[in-house]
Amino acid sequence: FGILQSYPHEIWAKTYGSSLGVGHRYTPTDCLQTFAMPAYGGEFKNFCKDFTNRRLEIMTAHRIGFTSLYNKINDPDSCEGYVNAIRSLHQELDRLVFSLFGWDDISARRVFIKVASGDKTSTEYSFPDDVKREIIRRLLALNKEQSTL
């Protein structure tokens, strides 16, 4: 679960998945089966379990669903404590996944960026474009390496 919730997988899915109108469509053959999955152990699994439980606690306590929660995460004006807590959890998840890949040189610090989709622009709590490109470059290299094994 955790790796699939991480930014490296998200950017892979957005880059190589199909589209549905102006949105993204997750297809396992394009997004999951082609993703270079790193090895992970119990410590990572425990973090992911805690991440899931904490997010569920927050959603229950604030009576909000995934869409509302993630809309708040992507809204720079949303600075409630629980929103910042989820942002921090995602940052730690990304840091751990980068570490699983051996990418300790990539910062897990996210920023708010403007994203164009079709004829509208929205804000996303994400990584700068140069970091996105580097993640894709490294994932492509791993994908190529794994496909020759």
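Refer to the structure above for everything that follows.
What counts, and at which threshold
- Residues numbered from 1 in each chain as written.
- Predicted model: local features only at pLDDT ≥ 70, side-chain atom pairs only at ≥ 80, totals over all residues.
- Heavy atoms only, no water.
- Helix = DSSP H or I, 4+ residues; strand = E, 2+ residues; numbered from the N terminus.
- Rg over C-alpha atoms; globule rule 2.2 N^0.38 Å.
- Buried < 20%, exposed > 50% of the residue type's maximum accessible area, 1.4 Å probe, protein only.
- Areas by Shrake-Rupley, 256 points an atom, 1.4 Å probe, with all protein chains shown as cover.
- Axes fitted to C-alpha atoms, helices over the stretch in contact; angles between N-to-C directions.
- Parallel < 35°, antiparallel > 145°, perpendicular 65-115°, else oblique.
- Contact = heavy atoms within 4.5 Å.
- Nonpolar A, V, L, I, M, F, W, Y, C, P; charged D, E, K, R; others polar.
- Pairing = 2+ DSSP bridges.
- Polar contact = N/O pair within 3.5 Å; in protein donor to acceptor, adjacent residues only side chain to side chain.

(A) View of the overall build of the chain. Regarding its fold elements, the chain presents 7 helices and 4 strands. In sequence order, the chain lays out its α and β elements as α-α-β-β-α-α-α-α-β-β-α. Taking 15 Å as the expected radius of gyration for a compact globule of 149 residues, we find that the chain reaches 16 Å, a close match to that expectation. On the principal axes, the C-alpha backbone points of the chain span a range of 50 × 45 × 30 Å. Sorting the 149 residues of the chain into buried and exposed places 37% on the buried side. Put simply, the chain shows about 8,800 Å² of open surface, and 51% of that area lies on carbon and sulfur atoms.

(B) Spotlight on the packing of helix α5 (residues 66–73) against helix α6 (residues 81–101). For the pair α5 and α6, the least separation of the axes is 9 Å and the interaxial angle reads 85 degrees. Taken together, the axes of α5 and α6 are roughly perpendicular relative to one another. Touching L69, Y70, K72 and I73 of α5 are Y82, V83, I86, R87 and H90, all from α6.

(C) Summary view of the packing of helix α2 (residues 7–16) against helix α7 (residues 129–147). It is at 10 Å that the axes of α2 and α7 come closest, and there the two elements cross at 85 degrees. In terms of axis orientation, α2 runs roughly perpendicular to α7. Only K132, I135, I136, L139, L140 and N143 of α7 make contact with α2, whose side of the interface consists of Y7, P8, I11, W12, T15 and Y16. Considered class by class, the residues forming the contact of α2 with α7 number 9 nonpolar, 2 polar and 1 charged.

(D) Broad picture of α2. Of all the positions in α2, only Y7, P8, H9, I11, W12 and A13 are classed as buried. Check the buried side of α2 and you find it contacts α1 (2–5), α3 (28–32), α6, β4 (120–126) and α7.

(E) Geometry of the pairing of β4. Here 7 bridges tie strand β3 (residues 111–117) to β4, and the two strands are oriented antiparallel to one another. Note on β4: the bridge partner recorded for K114 is T123. The turn linking β3 back onto β4 is made up of 2 residues, and G118 within it adopts a positive phi angle of 65 degrees.

(F) Just the side chain of R110, in detail. Here R110 is to be found in the loop between α6 and β3. Side-chain polar atoms of R110 contact the side chain of D94, separated by 2.7 Å. A polar side-chain atom of R110 sits 3.1 Å from the main-chain carbonyl oxygen of Y125. Beyond its immediate sequence surroundings of up to four residues, R110 is in contact with Y7, H90, Q91, D94, Y125, S126 and F127.

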